[in-house]
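What follows is each chain in one-letter form.
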Amino acid sequence: MGRQRRLRVGPLLIPLVVAGAVPAVLGQWLSGPRLPLAGWAAAVGGGALVVPGGWMVADAVDRVYLRQATPLGDRPPERLVRSGWYAVVRNPMAAGMTLVLAGETLLWSVPSIALWAAFVLGVSWTAVRRVEEPSLAETFGEEYAAYRRAVPAWIPGTAVRHRPHPSEE
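Residues numbered from 1 in each chain as written. Predicted model: local features only at pLDDT ≥ 70, side-chain atom pairs only at ≥ 80, totals over all residues. Heavy atoms only, no water.

**Describing the confidence of the model for the protein**
Next up, step 1: For the protein, per-residue confidence averages 82 on the pLDDT scale, and residues scoring 70 or more make up 78% of the total.
Next up, step 2: Element-level pLDDT for the protein is lowest in helix 1 (residues 10-28), with a mean of 81, against a maximum mean of 95 in helix 5 (residues 142-150).
Next up, step 3: In the predicted structure, residues 164-169 sits below a pLDDT of 50 and forms two contacts with residues beyond four places in sequence or in another chain. (pLDDT = per-residue confidence, 0-100. Helix = DSSP H or I, 4+ residues; strand = E, 2+ residues; numbered from the N terminus. Contact = heavy atoms within 4.5 Å.)

Encoded structure:
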């Protein structure tokens, strides 16, 4: 019989707080001046960002934290995840939360959520560069180096691919 999956609450709390609770507070109680956006355009644009962003976050949490025994921040994953959204960008959880927050900025028409999104992106970028990437490089070596060369960090289609020198062909 296969390994039974157990729901762990810890990995779910970060995205729920960062992309759920904080924007709700900012939108309800610290909204400040509203952005001058047309209601239907804001709804369509916001939804077009929130839906794929939420999908990215959910897929990333599932693949890294729910499908393996990786504790939150204690140690690297058991295996390098390269499927799902991880085949499109190396940081789908952070990229997805940024998309959700950008969409919520449009949906709520609140500039403070845009500032929160910029802060979250800055913290995520710094953590990835200073903690996550060095840890993954140390743990997975050439496998991670090849993954970094093949898959862009944040924006799909922007990976710098190695082109062999004519003498290498």
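**Examining the packing of helix 4 (residues 111-140) against helix 5**
Next up, step 1: Closest axis-to-axis distance for the helix 4/helix 5 pair is 6 Å, and the angle between their directions is 130°. The pairing of helix 4 with helix 5 is recorded here as oblique in orientation. Here Arg129, Glu133, Leu136, Ala137 and Phe140 of helix 4 come into contact with helix 5, specifically with Glu142, Glu143, Tyr144 and Arg148.
Next up, step 2: Along the lines of polarity and charge, the residues of the contact of helix 4 with helix 5 split into four nonpolar, no polar and five charged. (Axes fitted to C-alpha atoms, helices over the stretch in contact; angles between N-to-C directions. Parallel < 35°, antiparallel > 145°, perpendicular 65-115°, else oblique. Nonpolar A, V, L, I, M, F, W, Y, C, P; charged D, E, K, R; others polar.)

**Some details on helix 3 (residues 92-108)**
Next up, step 1: Compared with an ideal rise of 1.5 Å per residue, which puts 17 residues at 24 Å, helix 3 spans 23 Å between its outermost C-alpha atoms and is within 8% of the ideal.
Next up, step 2: Counting buried positions over the 17 residues of helix 3 gives 12, a clear majority of the element.
Next up, step 3: Buried residues of helix 3: Pro92, Met93, Ala94, Ala95, Gly96, Met97, Thr98, Val100, Leu101, Gly103, Glu104 and Thr105, and no others.
Next up, step 4: A positive phi of about 55° marks serine 109, the residue just after helix 3. (Expected span 1.5 Å × (residues − 1). Buried < 20%, exposed > 50% of the residue type's maximum accessible area, 1.4 Å probe, protein only.)

**Examining the layout of surface pockets**
Next up, step 1: Here the second largest pocket defines a volume of roughly 200 Å³.
Next up, step 2: Contributing to the lining of the second largest pocket are 14 residues, with Pro15, Leu16, Gly54, Val57 and Ala58 lying nearest its centre.
Next up, step 3: Counting residues per element, the ones that place at least two in the lining of the second largest pocket are helix 1, helix 2 (39-66) and helix 3.
Next up, step 4: When its residues are assigned to classes, the lining of the second largest pocket shows 10 nonpolar, three polar and one charged. (1 Å grid on protein atoms, 1.4 Å probe; cavity = no way out; pocket = protein on both sides within 12 Å on 5 of 7 lines; lining within 4 Å. Points joined across faces, edges and corners; volume = space filled by probe spheres on them.)

**Section: the packing of helix 2 against helix 3**
Next up, step 1: Packing of helix 2 against helix 3 leaves a shortest axis separation of 7 Å and a crossing angle of 155°. The angle between helix 2 and helix 3 places the two elements in the roughly antiparallel class. Handedness of the helix 2/helix 3 crossing: left-handed.
Next up, step 2: Here the residues of the contact of helix 2 with helix 3 are counted per class, giving 18 nonpolar, seven polar and one charged. (Left-handed = near helix turned anticlockwise from the far one by under 90°.)

**A few points about the pattern of salt bridges**
Note that side chains of opposite charge can pair when their charged atoms are close.
Next up, step 1: All told, the structure shown has six salt bridges when counted by the stated rule.
Next up, step 2: One salt bridge in this structure joins glutamate 143 and arginine 82, with 2.9 Å as the shortest N-O distance. Here arginine 82 lies in the loop between helix 2 and helix 3 and glutamate 143 lies in helix 5, a separation of 61 residues in the sequence.
Next up, step 3: Given a relative accessible area of 34%, glutamate 143 falls into the partly exposed group.
Next up, step 4: A salt bridge links glutamate 133 to arginine 90, with the shortest nitrogen-to-oxygen separation between them at 3.3 Å. Of this pair, glutamate 133 sits in helix 4 while arginine 90 sits in the loop between helix 2 and helix 3, and the two are 43 residues apart along the sequence. (Salt bridge = Lys/Arg side-chain N within 4 Å of Asp/Glu carboxyl O.)

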